[in-house]
Structure formats: structure tokens, C-alpha cells
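# Observations on the model geometry
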Amino acid sequence: MLAFLAEIDWGDVAEAGVDTLTMLGWALGFTVLIGLPLGILLYLTGQPRLLYAPLLHRVLSLLVNIMRSLPFIILLIVMIPFTTLITGTSLGVQGTIPPLVAGCAPFFARLVETSLREVDHGLVEASWAMGGNTWQLIWHTLLPESRSGLIAAVTVTAIVLVDYTSMAGVIGGGGLGDLAIRFGYQRFQTDVMAVTVVLLIALVQILQMSGDRLVRRMSRK
């Protein structure tokens, strides 16, 4: 085993790991920042007696479905001009974050909408009956009652982002995926490929276990 790993440049592996975590952190933050309000808006505009707006709901749903239907590798390529415009590059960590957010924010928004739909409608009616406005309904009823589902949604989205960061290596996006492609695939270094796969699996397991633990803790409250 030691002989198998002897030729690996661990400095490159560490740098790639940091790049992956950086992309994951920034992209997840922006995804939640955009996807959470969008998911709430999808829920509210689709529910009678709330902010019911069928036309707006259909337009938002169509846009979300279009973005979700695009394969991420195609989205990476299509967004190169826009990514270059706002970040100055389409490569590396900076060039990968915009398409990561564009690919995952609609996905997360749908998960948010689904979580909100699982809130007991009687609680929503009670909030309205007590004179609560839309903001109070969101802040004091919908979000607290759906927190377990929202944490699970963040966990699933984070795991999807790990997958997408690896795929971004195809166009030089940096991170473990880029390392696996440049060294493991193009240079036939099986040892590098094996290490990157193990690290990605470990990262996904950590994210899933952390998310599950938070969900269990929230469920007990």
C-alpha cells in the first residue's frame, strides 16, 4: 500500500482538497441564499389564501424546471461567457462557483417548496386566524415547522454540489475532480485517481452524517 502511494504529490492533493471545500462552501452559501427565498415564493404563490398568484407560480416553476433539466456539464459550457463577465475567468475556483449556484439553486428551491408543503395546514390557518401577516407566517410558522426538512434539503444539496465540483474538473474547474482528470485519467496515475475517489466518498459521508445528526437533534426539540 505504501509503495502504491509513494509517487503521489500530497501537496497537490491537499491544494485540490482545499479548492473543493472552498467551492462547496461558497456555492452552498449562495445556493441557500438564492434558493430559500425562491422556494418560499414558489410555495406561497401556489397556495390559495396565501400569496396566490397562478401565473407567477407557473412562470417560476417553468424557469426552475428548465434550469434543473440542463445537464451540469452543458451548463458549465453555456455559462462560460457569463461566468467570465462576473468573475473575470471561467477556470479555477472562481470560474466554477457561478455555474454551481445556477445548477443547484433551482434544485434546492424545489426541496424547500416540498418541505414547506409538509407543514400542517392547520398551523398555517391558525397563524392567519391570529392576525399574522405573511412575514410572520414565514418566520414563526413555516420555517420553524419545516426546519428538519430544510436541513435535510441542505444536506442533499451539499452532496450534489460535491458531485458537481468533481464534474467541473472537465473544464479546469479545480479541486479534486480536476486533479483526478489531469493526473488520474490523462496521465494514467491510478494512485491519484484512487485517492481522490476515497476523499470524495469520505466528504460525502461526513456531510450526510452531519446532516442526519442535525435532523435528529431538531426532531427532538
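Provided above is the structure to which this section pertains.
To start, this report covers the structure provided alongside it. Position labels on residues start from 1 in each chain and follow its written sequence. Only residues with pLDDT of at least 70 get local features here, since the model is predicted, and only at 80 or more are side-chain atom pairs given and counted; chain-wide, interface and lining totals rely on the full set of residues. Excluded from the side-chain calculations are hydrogens and water; all other atoms, namely the structure's heavy atoms, are used.

In this section: the environment of T89. Tracing the backbone shows T89 in the loop between α5 (80–87) and α6 (92–117). Partly exposed describes any residue whose relative accessible area lies between the buried limit of under 20% and the exposed limit of over 50%, with all areas from a 1.4 Å probe on protein chains only and scaled to the type maximum. For T89, a relative accessible area of 23% gives the class partly exposed. C-alpha separation for the pair T89 and V160, spaced 71 residues apart in sequence, amounts to 23 Å. Apart from residues lying up to four places away in sequence, T89 is in contact with T83, T84, Q94 and G95. As used in this structure description, the phrase polar contact means that two N or O atoms lie within 3.5 Å; if the pair is within protein, one of them must be able to donate a hydrogen and the other to accept it, and residues adjacent in sequence are counted only when both atoms belong to side chains. Of the polar contacts made by the side chain of T89, one reaches the backbone nitrogen of L91; its length is 3.0 Å. Numbering of helices and strands runs from the N terminus; a helix is a DSSP stretch of H or I covering at least four residues, while a strand is a stretch of E covering at least two. The contact rule is simple, with two residues in contact once any of their heavy atoms fall within 4.5 Å.

A contiguous nonpolar patch, built from L55, V59, L62, L63 and I66 and spanning about 470 Å² of accessible area, is present on the exposed surface. For L55, the position within the fold is in helix α3 (residues 54–69). Only residues whose relative accessible area exceeds 30% and that form no salt bridge enter a patch; like-charged residues are grouped when within 9 Å of one another, and nonpolar side chains (Val, Leu, Ile, Met, Phe, Trp, Tyr) when within 5 Å. Here the accessible surface of atoms and residues is derived via Shrake-Rupley with a 1.4 Å probe, and residues count as covered only by protein chains that are part of the display. Any carboxyl oxygen of Asp or Glu that lies within 4 Å of a side-chain nitrogen of Lys or Arg is treated as forming a salt bridge with it.

The next thing to look at is the pattern of salt bridges. The full count for this structure, using the stated rule, is 2 salt bridges. Residues R110 and E113 are paired through a salt bridge, measuring 2.7 Å at the closest nitrogen-oxygen approach. One end of the pair, R110, and the other, E113, are both in helix α6, 3 residues apart, so they sit about a helical turn from each other. Judged on exposure class, the residue R110 and its partner E113 are both buried. With its nearest N and O atoms 2.8 Å apart, the salt bridge here joins E113 to R117. Here E113 and its partner R117 are both found in helix α6, 4 residues apart, which amounts to about one turn of the helix. Through salt bridges with shared partners, a single ionic network connects R110, E113 and R117.

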